[in-house]
Amino acid sequence: MDIKNKDLFRQQSFINGEWVDAINSKTINVNNPATQEIIGNVPNCGKDETISAIRSAKNSWKDWSSKTSKERSNILKKWFNLIEENQEDLARIMTIEQGKPITESRGEITYGASFVEWFAEEGKRVYGDTIPDVFQDRRILVIKQPVGVVAAITPWNFPSSMITRKCAPALAVGCPVVIKPASQTPFSALALGVLAEKAGFPKGTINIITGSAKEIGEELSTNPIVRKLSFTGSTEVGKILLRQCSSTVKKVSMELGGHAPFIAFEDADIDEAVEGAFLSKFRNTGQTCVCSNRLFIHEKIHDEFVEKFTIKVRNMKVGNGLEEGVISGPLIDQFSFRKVEEHVHDAVNVGAKIAIGGKKHKLGGTFYEPTVLFNVTNKARITYEETFGPVAPIYKFNNEDEVINMANDSPYGLASYFYSRDIGKIWRVAEALEYGMVGVNTGIMSKAEAPFGGIKESGLGREGSKYGLDDFLEVKYINIAGI
Ligand code: SIN
């Protein structure tokens, strides 16, 4: 691994403040999706190691939760500074294991660190309430307390920031965490563990366990010591975890799939809409839950939009994310590649036209050409299923009601975007879109200060912002009599 701080590249799990192998010494190889080379391996842990990680979190709970919020904040701030100082190495690790362009990886490290900084401060503002009682000699108090041991199961598409988005609020309010990173991208998580250890988190407050998603996920979602599970990943896996969590009635947060509509109305600034659609569609090679997946363009501006958007896509550099200037990298694996291929074939078979792309990239492997489809109809699978790749399907519409119906015709409800300069329309459409997040005249809206999350089958709970603390807190009502 070509990084300055070699210590950041760890190939062991982190349990109870120790770097450990799997009990049976088995490992999982991790490869670079751009070159298919094996870059290292991590322990293939299972149920037993998960139980010891959960126990170590539990043992640290009393000490960690009884620290003052300022004491916890100071340690979080050290972690934040260390992440910032090591940004370049962390970004390189991410690009090598995940494939995303290095500029995006740098951006993700900054984005991830911003959750640590934000929650280091926000954790000090866990306020309660006093409520007038119906009896004169009584008082009602409401306090908020940390929920207990938190399990965080995180995805490969944002291998660093999804960890900090979950763990920073949990840790800030006093909850110890057990993290299960995706098997494709464990090194970003382990590097964060190295820096957390250096920042001075007491042993057991942060545990990172690599290995079998099924076994570890099953233990984390059924073990009664775990009081809260936070998951980012597919709706399919989210439903399994939800079922498993029901056996011990855990608190859950689920950040699941999305199928974001992007609407450009006839009064939109076309150049800005093209830019917004481009950023939101091709971020992380189309592999984000908030990527624009259905582009609805008003018939009056449709042709101009398609032409300008296609020119932008044509100018994109595709390649190994380590090369400067690359904007589109490889897909994470063959499974993802095949899904993209199938979606494009299917759309074309039912009438879509290819403006650009539409096939495997000449670089081979899991590289797919950035693709723009137009004339797409609701017969195509791409209209209803999340593609998770660099494919932009464009639909034509001619009125507001029609496009809102099209946009809302999905089981998903995560992000949505639209471009308009008409203030009345902006209010109407923002309120009518059945999505947890609405970007108006912007294609990028994720930030630590704002509540990220979805409705319908896109999830439960919110991450980031003041709302992101609630998911790690329990409300306790205290009634004092005899005053
Ligand atoms: C995701 O796709 O899961 C997260 C994207 C973001 O935080 O913007």
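Here's a quick rundown of the structure. These figures come from a predicted structure and were not determined experimentally. (Residues numbered from 1 in each chain as written. Predicted model: local features only at pLDDT ≥ 70, side-chain atom pairs only at ≥ 80, totals over all residues. Heavy atoms only, no water.)

Details of helix α10 (residues 302-314)
Here α10 contains 13 residues, and its C-alpha end-to-end distance of 18 Å stays within 8% of the 18 Å for a straight helix at 1.5 Å per residue. For α10, the full list of buried residues reads H302, F305, V306, F309, T310 and V313. Take α10 and look down its axis: the buried residues cluster within an arc of 125°, on one side only. Within α10, the exposed residues directed more than 90 degrees away from the buried face are D303, E307 and R314. (Helix = DSSP H or I, 4+ residues; strand = E, 2+ residues; numbered from the N terminus. Expected span 1.5 Å × (residues − 1). Buried < 20%, exposed > 50% of the residue type's maximum accessible area, 1.4 Å probe, protein only. Arc of directions from axis to C-beta.)

Some words on the side chain of Q287
Mapped onto the secondary structure, Q287 falls in the loop between α9 (270-282) and β13 (292-298). A relative accessible area of 1% means that Q287 is categorised as buried.

Here we look at the environment of H298
Structurally, H298 can be placed in strand β13. Separated by 101 residues in sequence, H298 and N399 have C-alpha atoms that sit 7.6 Å apart. Setting aside residues up to four positions removed in sequence, H298 forms contacts with A264, F265, E266, F397 and N398. (Contact = heavy atoms within 4.5 Å.)

Section: the site of the ligand
Within the structure, the ligand sits among 13 residues, and Y111, R165, R283, C289 and S446 are positioned closest to it. The contact in question runs from an oxygen atom of the ligand to an N or O atom on the side chain of R283, over 2.9 Å. S446 is positioned with one of its side-chain polar atoms (N or O) 2.5 Å from an oxygen atom of the ligand. Here the residues of the shell around the ligand are counted per class, giving six nonpolar, four polar and three charged. (Near = heavy atom within 4 Å. Polar contact = N/O pair within 3.5 Å; in protein donor to acceptor, adjacent residues only side chain to side chain. Nonpolar A, V, L, I, M, F, W, Y, C, P; charged D, E, K, R; others polar.)

A look at the sheet that holds β13
On the basis of which strands lie adjacent, the open sheet formed by seven strands has the order β14-β15-β16-β13-β12-β18-β19 and mixed pairing. Among the strands making up the open sheet, the edge pair consists of β14 (353-356) and β19 (437-440). Taken pair by pair, the neighbouring strands of this sheet meet at an average axis angle of 25°, ignoring direction. In this sheet, β13 lies alongside strand β12 (residues 260-264) in parallel orientation, the contact comprising five bridges. Across the sheet, the residue bridging to A260 is S292, located in β13. Across the face of the sheet, helix α11 (residues 334-349) comes into contact with β14, β15 (371-374) and β16 (391-397) while running at roughly 25° to β15. (Pairing = 2+ DSSP bridges. Axes fitted to C-alpha atoms, helices over the stretch in contact; angles between N-to-C directions.)

Here we look at the nonpolar core
Counting 60 residues, the largest nonpolar core has W79, I83, L171, F201 and I206 as the members making the most contacts within it. Considering every element that reaches this core, the biggest residue donor is helix α6 (residues 186-199), with nine residues. I206 has contacts with F14, W79, L171, V177, I179, A196 and F201, leaving out every residue within four places of it along the chain. Among the nonpolar cores identified, the runner-up in size contains 35 residues, and A264, A273, V306 and V313 belong to it. (Core = buried A, V, L, I, M, F, W, Y, C linked by side-chain atoms within 4.5 Å.)

Some thoughts on the pattern of salt bridges
Going through the model one piece at a time under the given rule, you end up with 29 salt bridges. One salt bridge in this structure joins E108 and K100, with 2.5 Å as the shortest N-O distance. For R125, the salt bridge is made with E122, and the minimal N-O distance between the two is 3.1 Å. Judged by its relative accessible area of 36%, R125 falls in the partly exposed class. (Salt bridge = Lys/Arg side-chain N within 4 Å of Asp/Glu carboxyl O.)

Things to note about helix α3 (residues 87-98)
Over its 12 residues, α3 runs 16 Å from end to end, which matches the ideal 16 Å to within 8%, given 1.5 Å per residue. For α3, the buried fraction is high: 10 of the 12 residues fall into the buried class. Of the positions making up α3, those classed as buried are D89, L90, A91, R92, I93, M94, T95, I96, E97 and Q98. Of the surrounding elements, those touching the buried residues of α3 are β3 (27-31), β4 (38-43), α2 (69-85), α4 (102-122) and α6. G99 lies just past α3 and shows a positive phi near 100°.

Describing a negative patch on the surface
The grouping of E84, E85, E117 and E449 at the surface amounts to a negative patch. In this fold, E85 is placed in helix α2. A residue is classified by how much of its surface remains accessible, and E85, at 61% relative accessible area, is exposed. (Patch = residues over 30% accessible without salt bridge, like charges linked within 9 Å, V, L, I, M, F, W, Y side chains within 5 Å. Areas by Shrake-Rupley, 256 points an atom, 1.4 Å probe, with all protein chains shown as cover. Lys, Arg positive; Asp, Glu negative; His and termini not counted. Charge placed at Lys NZ, Arg CZ, Asp CG, Glu CD.)

Considering the packing of aromatic side chains
Evaluated as defined, the whole model comprises 16 aromatic pairs. For the ring pair Y111 and F115, a centre distance of 5.0 Å and an interplane angle of 65° mean the geometry is edge-to-face. On the criterion of helical spacing, the pair formed by Y111 and F115 is a turn pair, its members being four residues apart in helix α4. You can call F115 buried: its relative accessible area is 1%. An aromatic cluster of three or more residues is present, and its members are F262, F278, F282, F305, F309 and Y419. Looking at K228, its charged tip hangs above the ring of F472, at a distance of 5.0 Å from the centre. (Phe/Tyr/Trp six-rings, centres within 6.5 Å; stacked < 30°, edge-to-face > 60°. Lys NZ or Arg CZ within 6 Å of the ring centre and 35° of its normal.)

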